[in-house]
Amino acid sequence: MTVIRGYELVQRLEEFAPLALAESWDHSGLQIGDLKKPIHKVMTTLDVRPEVVQEAIAEGVDFILAHHPVMFKPAYDLDLANPQNRMYADLLRHNITVYAAHTNLDKVSDGMNDWLAQIIGLPETTPLIPEAHQPEIGLGRIGNLPAPTLLKDFASRLRQTFKVEHVRLITTDTDQFIKRVAIIGGSGSEFYTEAKAQGADVLVTADVSYHVAHDILSSGVSVIDPGHHMEFWMKTAMQQFIKDWANDAEWELDVVQSNINTDPFRFV
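These lines cover the structure that appears in this document, whether it is placed above or below. Treat the numbers as computed from the prediction; the structure is a model and nothing was measured.

Concerning the overall build of the chain
So, step 1. Within the chain one finds nine helices and 13 strands.
So, step 2. In terms of C-alpha radius of gyration, the chain reaches 19 Å, essentially the compact-globule figure of 18 Å for 268 residues.
So, step 3. The principal-axis extent of the C-alpha atoms belonging to the chain is close to 55 × 45 × 30 Å.
So, step 4. Across the chain, contacts joining residues at least 24 apart in sequence account for 67% of those joining residues at least 6 apart.
So, step 5. Carbon together with sulfur atoms contributes 51% to the accessible area of the chain, which is approximately 12900 Å² in total.

Here is the structure:
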């Protein structure tokens with residue numbers, strides 16, 4: 001078995017989900033740390049939050065693979081009274097490298113949106129928003145359910161699938177039968193017109209705003225919003241990917257997933 005350095009894992013990650021696929025506004029890639037340092041234990045997580053960092057420290061993790069970038073906004077100071085800055089300091093103090101695969105992981109084949117499509121029961125899909133020169137990949141997926149399903153039953157099933165107390169349903173008819181479904185992990189409500197144009201009966205996505213919801217109602221397409229935390233499935237999927245890569249390459253690498261639920265919303 002071979003001890004590897006961070007850059008060797010990153011090379012494999014970027015073969016699978018090239019950084020060139022990331023959206024221009026995104027900040028995928030290395031967030032914090034030293035890729036030349038040997039790594040022994042990797043943790044997959046949706047978000048890098050202070051409680052996740054403490055979990056990683058307790059578990060002896062030296063490389064965190066996150067879906068959401070930890071550094072979207074610049075730090076204007078390093079005042080450790082700020083919990084976010086204190087988290088950065090903890091990462092550096094414990095020599096933990098953080099790498100994020102975000103919109104590149106969303107777009108790639110057998111990536112985030114394919115996992116989500118499979119989980120909600122779409123056996124075959126195509127990209128909802130294909131890349132201009134690579135139509136086989138792109139944002140979102142669209143496909144057909146094996147059989148027509150009542151919208152309200154499908155919404156209830158998604159509530160269980162995504163382990164949330166409720167989903168938000170935007171529709172004029174909860175008793176309609178649906179067949180064609182589009183899904184975009186994270187914030188994808190802006191693409192409801194594309195979903196409708198491709199014949200979707202319903203779009204599954206998160207973070208739908210009040211005014212966009214009114215526009216959706218007028219469009220004739222339905223939307224199910226299970227919350228942004230729906231993407232937590234990447235923890236399990238990427239844990240298995242890295243385990244498989246490690247086995248194939250005979251890397252000496254332990255791979256775990258965070259057990260912290262980073263969904264910030266609670267319902268009362």
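Moving on, there is more to tell.
Structural notes on helix H2 (residues 50–59)
So, step 1. Of all the positions in H2, only Val-52, Val-53, Glu-55 and Ala-56 are classed as buried. Along the long axis of H2, the arc covered by the buried residues comes to 160°, so they all point the same way.
So, step 2. Turning to H2, the residues buried within the fold contact strand S4 (41–45), strand S5 (63–66) and helix H3 (83–93).

Comments concerning the packing of helix H1 (residues 6–16) against helix H9 (residues 234–249)
So, step 1. Between H1 and H9, whose axes approach to 11 Å, the crossing angle comes to 120°. Between H1 and H9 the crossing geometry is right-handed. Contacts between H1 and H9 pair Leu-9, Arg-12, Leu-13 and Phe-16 from the former with Met-238, Phe-241, Ile-242 and Trp-245 from the latter.
So, step 2. Its residues placed into classes, the contact of H1 with H9 shows seven nonpolar, no polar and one charged.

Let's talk about the sheet that holds S4
So, step 1. Spatially, five strands are ordered S2-S6-S5-S4-S13 in an open sheet, and the strand pairing comes out mixed. With one partner strand each, in any of the chains shown, strand S2 (29–32) and strand S13 (254–257) form the two edges of the open sheet. Sheet twist, expressed as the average angle between the axes of neighbouring strands with direction ignored, equals 25°.
So, step 2. Taken together, the four bridges between S5 and strand S6 (residues 97–100) define a ladder with parallel strand orientation. For Phe-63, the partnering residue across the bridge sits in S6 and is Thr-97.
So, step 3. Sheet strands touched by H2: S4 and S5. Its angle to S4, the strand with the most contacts, is close to 155°.

Things to note about the pattern of salt bridges
So, step 1. Per the stated rule, a full pass over the model turns up nine salt bridges.
So, step 2. Ionic pairing is found between Lys-152 and Asp-175, a salt bridge with its closest N-O pair at 2.7 Å. Note that Lys-152 is positioned in helix H6 (residues 151–161) and Asp-175 in the loop between strand S9 (168–170) and strand S10 (177–187), a separation of 23 residues in sequence.
So, step 3. Residue Lys-152 is classed as partly exposed on the basis of its relative accessible area of 38%.
So, step 4. Linked through salt bridges whose partners overlap, the residues forming this network are Glu-23, Lys-107 and Glu-131.

Description of the nonpolar core
So, step 1. Ranked by internal contacts, the top residues of the largest apolar core, which has 51 residues, are Leu-9, Phe-154 and Met-238.
So, step 2. Counting residues per element, the ones that place at least two in this core are H1, S5, helix H5 (112–119), H6, S10, strand S11 (202–206) and H9.
So, step 3. No other element matches the seven residues that H9 contributes to this core.
So, step 4. If near-sequence neighbours (up to four positions away) are discounted, Phe-154 is found in contact with Ile-120, Leu-145, Thr-149, Ile-178, Val-181, Val-202, Val-204 and Ile-224.

Observations concerning the sheet that holds S9
So, step 1. On the basis of which strands lie adjacent, the open sheet formed by six strands has the order S7-S8-S10-S11-S12-S9 and mixed pairing. Every other strand in the sheet has two partners, leaving strand S7 (125–130) and S9 as the edge strands with one partner each. Strand-to-strand twist in this sheet, taken as the mean axis angle between neighbours without regard to direction, amounts to 25°.
So, step 2. By the bridge criterion, three bridges tie S9 to strand S12 (residues 222–225) in an arrangement that is antiparallel. Across the sheet, Leu-169 pairs through a bridge with Ile-224, a residue of S12.
So, step 3. H6 rests against strand S8 (138–150), S9, S10, S11 and S12 of the sheet, and its axis sits at about 120° to S8.

Details of the pairing of S6
So, step 1. Here S6 shows two buried faces, one formed by Thr-97 and Tyr-99 and the other by Val-98 and Ala-100.
So, step 2. As defined by bridge partners, S2 adjoins S6 across three bridges and the pair is classed as antiparallel. Counted as the bridge partner of Leu-30 is Tyr-99 from S6.
So, step 3. Tracing the backbone out of S5, into H3 and back to the parallel element S6 gives a crossover that is right-handed.

What counts and how
- Residues numbered from 1 in each chain as written.
- Predicted model: local features only at pLDDT ≥ 70, side-chain atom pairs only at ≥ 80, totals over all residues.
- Heavy atoms only, no water.
- Helix = DSSP H or I, 4+ residues; strand = E, 2+ residues; numbered from the N terminus.
- Rg over C-alpha atoms; globule rule 2.2 N^0.38 Å.
- Contact = heavy atoms within 4.5 Å.
- Areas by Shrake-Rupley, 256 points an atom, 1.4 Å probe, with all protein chains shown as cover.
- Buried < 20%, exposed > 50% of the residue type's maximum accessible area, 1.4 Å probe, protein only.
- Arc of directions from axis to C-beta.
- Axes fitted to C-alpha atoms, helices over the stretch in contact; angles between N-to-C directions.
- Left-handed = near helix turned anticlockwise from the far one by under 90°.
- Nonpolar A, V, L, I, M, F, W, Y, C, P; charged D, E, K, R; others polar.
- Pairing = 2+ DSSP bridges.
- Salt bridge = Lys/Arg side-chain N within 4 Å of Asp/Glu carboxyl O.
- Core = buried A, V, L, I, M, F, W, Y, C linked by side-chain atoms within 4.5 Å.
- Right-handed = clockwise from strand over helix to strand, strands pointing away.

On their own, these measurements won't tell you what the molecule is for.
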